[in-house]
Structure formats: structure tokens, C-alpha cells
Amino acid sequence: MSTAVVRTHEGWWVQRADGRIRPVETDAATTAELLADRPVVERASRAEDGWEEPGSRELLSPVTTPCRVVAQMVNYRSHAVDSGFDPDLVPTAFFRKASGSVTGPASEIVRPEHVRLLDYEVELGLVFGAPLPLNSDVTPGSLPRYIAALVVANDISARDLQLPKTQFYESKSYPTFTPLGPRLLLVDEEDLASLDRLRLLCTVNGEVRQDSTPADMITKPDRALTALSRFQTMAPGDVLLTGTPGGTALRSPGKALELIGSLLPPAKKWRAFFARQERNPAYLKPGDMVTTSIATPDASLDLGTQRTPVRAASAKERA
């Protein structure tokens with residue numbers, strides 16, 4: 001049975017389905033310490049008194065930093081098709097994001113001055129509750145040994161930096177480029193077996209852009225952890241972002257245009273590509289509101305909803 005936890009400047013709280021919260025009596029300063037104190041969290045969730053409205057409290061990322069933020073590349077069949085790939089031929093691949101990019105579920109997404117093609121990617125985040133050693137062989141049955149919680153993530157991406165440089169780290173690691181939360185949903189074996197029931201939803205200004213479930217994943221979480229452990233350990237409090245569904249602003253231009261582009265010198269090819277992309281109104285602009293949520297249809301698993309407005313970098317941030 002899942003337990004929802006939120007974090008504010010005052011500390012950790014359990015949250016009920018009706019939104020009311022109750023403090024967790026713990027000295028945990030980090031997500032890893034909180035997950036190690038799970039019996040205290042569960043006692044708080046069972047309490048009959050002490051519940052209150054969140055009021056004006058600011059919800060912070062329930063994943064504390066520093067931590068490892070690892071992400072899967074092209075891990076939904078619909079996203080592979082949008083990107084011009086054959087889903088059956090896409091390899092399991094990973095990249096890192098700076099933990100300095102992590103921000104809260106209602107914080108602003110700041111578009112750097114030099115970025116014009118700012119994209120959204122709703123993702124299911126898996127939060128580790130135990131170390132993942134090198135060369136682990138993870139199965140669906142052993143997945144709960146490593147994964148303790150789930151979280152909504154938005155993998156904000158500067159496509160005009162990512163594509164010509166093939167530079168994922170820079171293009172996805174600016175401050176505010178990884179909103180996480182609002183809830184850290186503590187889960188058990190039964191919950192992890194039900195991930196395909198989750199609905200990932202992303203809207204921009206109320207318009208649905210992404211709407212899918214983990215049933216569309218190419219590499220499931222157990223196989224992803226096995227592949228990741230071939231070269232990377234993970235520690236409690238670290239998070240793995242498991243890929244995004246189709247519907248991002250960035251789409252493949254199509255086979256015909258790709259063929260024409262391959263005949264052009266690189267500089268000319270990229271100029272033509274970005275000129276076409278800048279005419280695409282789906283990219284995020286200052287003033288946009290991005291809303292992301294993950295939950296099952298019956299809300300038995302509900303990770304909550306992010307509402308993150310987009311703004312341009314201030315003069316001080318540009319300096």
C-alpha cells in the first residue's frame with residue numbers, strides 16, 4: 001500500500017488523498033534518511049489526529065540534493081516513432097543530469113537567454129531506497145529491493161543545445177530543468193507490479209501534449225536497472241527518470257527531409273533545421289504554464305500534479 005510524503009521548509013509530511021497533511025516526527029534531512037525511517041512515516045500516515053490543510057506552505061522537491069539524477073534515452077515506443085526511430089531497434093541508453101537542476105513542483109522553469117527551443121518531457125521517476133551494486137541482475141520480483149518510491153519528473157530540455165552538440169548533460173542540466181514532486185510516493189511490491197496502470201499526462205496552457213502509460217516503455221524498470229548496474233552504482237535517494245512518451249515539441253522532420261538534410265554541409269543543415277523548429281509553436285515560451293501529473297485511473301497510486309510556469313531569465317541571471 002502506497003504512502004504519500006511531501007516536503008516543505010518545515011520538514012516532511014504525510015499526505016492523505018483529501019490533500020490534508022500531517023508532520024512526520026523524524027530528524028531525516030535527506031530523502032535517503034527519510035526512506036530509512038519508513039516505519040515512522042507509516043505510523044504518521046495511520047494517525048487519526050494532527051491533520052491539517054497545506055495552506056500557503058511551499059512544496060519543495062521531495063528528492064533532496066545532491067543526488068544522482070540518471071535518465072533513460074528514448075524509452076517509449078511513441079517517442080521513438082516521433083523521433084524517427086524504429087522502436088524495435090532502439091538500444092537501452094542513459095545520460096546524467098546535474099542535481100543542481102532539481103527544483104520543486106510549483107517552481108518556475110527559467111528559460112536561459114540563449115535558449116529558444118525549450119521542450120517538456122513528463123517522466124516517471126524511480127527513487128532508490130537501497131544501494132544498486134555493480135552487475136546486479138534485477139527482476140520484477142526483486143525490483144522492490146531497490147526502488148522505494150515514485151515521483152513525477154519533468155525533463156526540461158534545450159533542444160537547440162542538445163542536437164547540434166549531441167550534448168545531453170548541458171542541454172538538460174540548467175537550474176530549474178528538473179522539477180520533481182509534489183509527492184514522494186512510497187510503494188511496495190504490489191504497487192510496483194502495477195506501474196503500467198499509471199497515466200502520464202502533460203499539458204501546456206491546458207492543451208494536452210503527452211498522454212500515455214508505462215505499458216509503452218521499451219525497457220522496463222527491472223531491465224533498466226540491470227543495464228545501468230553494468231557501469232553505474234546507485235545509492236538511496238538517487239533517482240532514475242524512465243523516459244518520456246511521444247508528444248514532445250521536438251519531432252522528426254520525416255524521412256524525405258532527413259535525406260535532403262544529409263546532403264547539406266553540417267552548418268547549413270542545422271541552420272535549416274532550427275529555422276523550421278523556431279516556427280513550431282509547441283516549444284515553451286515565457287508565460288506558459290506546464291502541468292504534469294501521474295496517477296492510476298482509480299487514484300490508488302497518485303503522485304500528484306506539478307504546475308510550473310515558464311519565465312525568461314532575469315538580467316541578474318543573464319549576467
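Description of the structure in this document. If you're wondering where the values come from, they're calculated on a predicted model, not measured in any experiment.

1. What about the sheet that holds strand β7 (residues 109–111)?
Then, number 1: Reading across from one edge, β7-β18-β17-β14-β15 is the order of the five strands in this open sheet, with mixed pairing throughout. One side of each edge strand has no neighbouring strand; the edge strands of this open sheet are β7 and β15 (207–212). This sheet shows a mean twist of 20 degrees between the axes of neighbouring strands, independent of strand direction.
Then, number 2: Bridge analysis of strand β14 (residues 199–204) against strand β17 (residues 289–295) gives six bridges, and the strand direction is antiparallel.

2. Brief notes about helix α7 (residues 221–228)
Because the α-helix completes a turn every 3.6 residues, residues three or four places apart line up on one side.
Then, number 1: Burial analysis of α7 places six of its eight residues in the buried class, the great majority of the element.
Then, number 2: Within α7, the full set of buried residues consists of P221, D222, A224, L225, T226 and L228.
Then, number 3: Here the buried face of α7 lies against β4 (69–72), β5 (94–97), β9 (122–128), β10 (147–154) and β16 (239–241).

3. Section: the side chain of T8
Then, number 1: Position of T8 among the secondary structure elements: in strand β1 (residues 3–8).
Then, number 2: Within the local environment of T8, its side chain forms a polar contact with the side chain of W13, the two groups lying 2.9 Å apart.
Then, number 3: When neighbours within four sequence positions are excluded, T8 is seen to be in contact with W13, R57, E58, L59 and L60.

4. Here we look at the sheet that holds strand β3 (residues 21–23)
Strands pair in a sheet through their backbones, by hydrogen bonds, and they do so in one of two ways: parallel or antiparallel.
Then, number 1: Taking strand neighbours across the sheet as the criterion, the nine strands line up as β3-β2-β1-β13-β10-β9-β16-β4-β5 in an open arrangement whose pairing is mixed. Lying at the two open borders of the sheet, with one neighbouring strand each, are β3 and β5. Within this sheet the neighbouring strands show an average axis-to-axis angle of 30 degrees, counted without direction.
Then, number 2: Relative to β5, β4 runs antiparallel, the two being bridged by four bridges.

Conventions adopted
- Residues numbered from 1 in each chain as written.
- Predicted model: local features only at pLDDT ≥ 70, side-chain atom pairs only at ≥ 80, totals over all residues.
- Heavy atoms only, no water.
- Pairing = 2+ DSSP bridges.
- Helix = DSSP H or I, 4+ residues; strand = E, 2+ residues; numbered from the N terminus.
- Axes fitted to C-alpha atoms, helices over the stretch in contact; angles between N-to-C directions.
- Buried < 20%, exposed > 50% of the residue type's maximum accessible area, 1.4 Å probe, protein only.
- Contact = heavy atoms within 4.5 Å.
- Polar contact = N/O pair within 3.5 Å; in protein donor to acceptor, adjacent residues only side chain to side chain.

All quantities given are derived from atomic positions and should not be read as evidence of function.
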